[in-house]
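The residues making up each chain are set out below.
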Amino acid sequence: MAPRGASLDRQRSAVDNAGASRVLGGCVGHGLVRRGGDERGRHMVTLAEAVLLGSAGFIAGGINAVAGGGSLISFPALLAVGYPSITANVTNTVAVWPGTIGGSLAYRRELEGQRDRIVLLGITSVVGSLIGSVLLLASPARLFDQIVPFLILFACALLAVQERLAQWVLRRQGDAS
């Protein structure tokens, strides 16, 4: 029979090899892990980092439930504690997905009569996600590291002009009628 720790090491290896330990927040075995110190290049997340990530996740979830854009809080928090950008992106995406579904269910009454819009936006989102995933996997991680700050700034700019942009679209639709 293998020593108790050997099974845990096999589990960690399997998860690491699949690239999923970061997706699962690195919660395998003895705690949160990320790149850093031990023989595998990992070390424990500090209490301060765990508080930062937990707080960012909580705030991002609230923002996503009300208006969207919570990833602008949670993604930079993952980068700030040392996760590589691709790992942070995947972790963030997986982490906010349940909240997106929950928010959609909570607002289902407000979404009544929006079927055509939901289908169109859903298809657009799936196609965009697939294209982005292929580009992410096909390009070097270094490229993603270089463009991440600009993507975050672009998303912030879109949020900042969201109301004016919506008014502009409504005016154009009114002019077209």
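Scroll up to find the structure.
The notes below deal with the structure included here.

Thresholds applied
- Residues numbered from 1 in each chain as written.
- Predicted model: local features only at pLDDT ≥ 70, side-chain atom pairs only at ≥ 80, totals over all residues.
- Heavy atoms only, no water.
- Helix = DSSP H or I, 4+ residues; strand = E, 2+ residues; numbered from the N terminus.
- Buried < 20%, exposed > 50% of the residue type's maximum accessible area, 1.4 Å probe, protein only.
- Contact = heavy atoms within 4.5 Å.
- Areas by Shrake-Rupley, 256 points an atom, 1.4 Å probe, with all protein chains shown as cover.
- Expected span 1.5 Å × (residues − 1).

**So, the overall build of the protein chain**
Alright, step 1. Helix and strand counts for the protein chain come out as eight helices and two strands.
Alright, step 2. Listing every helix and strand of the protein chain by position from the N terminus yields α-β-β-α-α-α-α-α-α-α.
Alright, step 3. A burial count over the protein chain gives 19% of its 177 residues as buried.
Alright, step 4. Here the analysis covers contacts within the protein chain between residues at least 6 apart in sequence; of these, 43% occur between residues at least 24 apart.
Alright, step 5. When the accessible area of the protein chain is evaluated, it comes to approximately 12,500 Å², of which 66% is carbon and sulfur surface.

**Considering helix α2 (residues 47-66)**
Alright, step 1. Helix length check: α2, at 20 residues, gives a terminal C-alpha distance of 29 Å against a target of 28 Å (1.5 Å per residue), a fit within 8%.
Alright, step 2. Two residues or fewer past α2, Gly68 is found with a positive phi of approximately 85°.

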